[in-house]
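Chains, contacts and geometry: an overview
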Amino acid sequence: MIVIAQLSDIHIGATAQSVGRADAVMRYLDALPYDLDAVLVTGDIADHGLPAEYEDARKLLTSRHPVLVGPGNHDVRPEFRRVLLGEGEGEGGEPGTGPINQVLRTSKAVYAMCDSSIPGQAAGRLDEETLTWLEGVLEESDLPVFVAFHHPPAPLHSPVIDGIGLRDPDRLAALVAGHPNVAAVLTGHAHTAAVTTFAGRPLLVASGVVFTLKLPWEGGTVPGECADYDLPPSIAFHVLDDAGRVTTHYRVVTV
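If you're wondering where the values come from, they're calculated on a predicted model, not measured in any experiment.

**Remarks on the side chain of Asp115**
- Note on placement: Asp115 falls in the loop between β5 (110–113) and β6 (124–125).
- For Asp115, the side chain forms a polar contact with the side chain of Arg77, separated by 3.0 Å.
- The residues contacting Asp115, other than those within four sequence positions of it, are Pro71, Arg77, Gly98, Pro99, Ile100, Asn101, Arg125, Leu126 and Thr130.

See the structure below:
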């Protein structure tokens, strides 16, 4: 059995409380009496994509557990690469602007963190480079693979989010359906915990750390008026057992 923690949408710089909320989550994970196989952070790390926000995030997102951090629509690729990942300059003397795709391999599983961001847009897409990269990751190992990115590829019945979800998910669906080693698809972006299916696999959506989005039946229908900053942050624990079954527990973290 392995256990993975997933958090999302820490939005450093969005509010005066954003750093404290993310810090509480990371301290909670480090204090666990159990070694997690991975901690996955599925996007929207910085609220404005500023270097100072990524400096804070770099300090916050450290752990005794392996950590893999991916971008969301609020993130800026060059600054994400330079400050958060510590990558050097690319051609032209600037950090690269292409998709930030990363893989973490442990002895028990593979974690493919895909970049679903479209620079300058709120919606997402996995471009050809990313899908080709993901196909290679899926084919190189028989270990269970968790495919992670920011934008949910299926409707969540939250109009605010469904309008800016993942565009053109069909090729991703074909890749997932065609590779039985895909254990689950993990996303963020929705700022509310959700569980559904995609291409016959679990689609598990982490809540937001910085705030929780109200659902339509809670009054969450108008962008800009549906964020609840009073609810505490929450995270997801994904458990993969020896039978290949994925079970998810959502946990509130006290700030």
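What follows continues from the structure just given.
**Some remarks on the packing of aromatic side chains**
- Counting across every chain of the model gives 4 aromatic pairs.
- Look at Tyr54 and Phe80: their rings are 5.8 Å apart centre to centre, the planes differ by 75°, and that puts the pair in the edge-to-face class. Taken together, the positions of Tyr54 in helix α2 (residues 51–60) and Phe80 in helix α3 (residues 77–84) put the pair 26 residues apart, joining distant regions of the chain. Taken individually, Tyr54 and Phe80 each receive the classification buried, so the pair is uniform in this respect.

**A word on the side chain of Glu79**
- Within the fold, Glu79 resides in helix α3.
- Engagement of the side chain of Glu79 in a polar contact is seen with the side chain of Arg82, the distance being 2.6 Å.
- Setting aside residues up to four positions removed in sequence, Glu79 forms contacts with Gly49, Pro51, Tyr54 and Leu84.

Conventions adopted
Residues numbered from 1 in each chain as written. Predicted model: local features only at pLDDT ≥ 70, side-chain atom pairs only at ≥ 80, totals over all residues. Heavy atoms only, no water. Helix = DSSP H or I, 4+ residues; strand = E, 2+ residues; numbered from the N terminus. Polar contact = N/O pair within 3.5 Å; in protein donor to acceptor, adjacent residues only side chain to side chain. Contact = heavy atoms within 4.5 Å. Phe/Tyr/Trp six-rings, centres within 6.5 Å; stacked < 30°, edge-to-face > 60°. Buried < 20%, exposed > 50% of the residue type's maximum accessible area, 1.4 Å probe, protein only.

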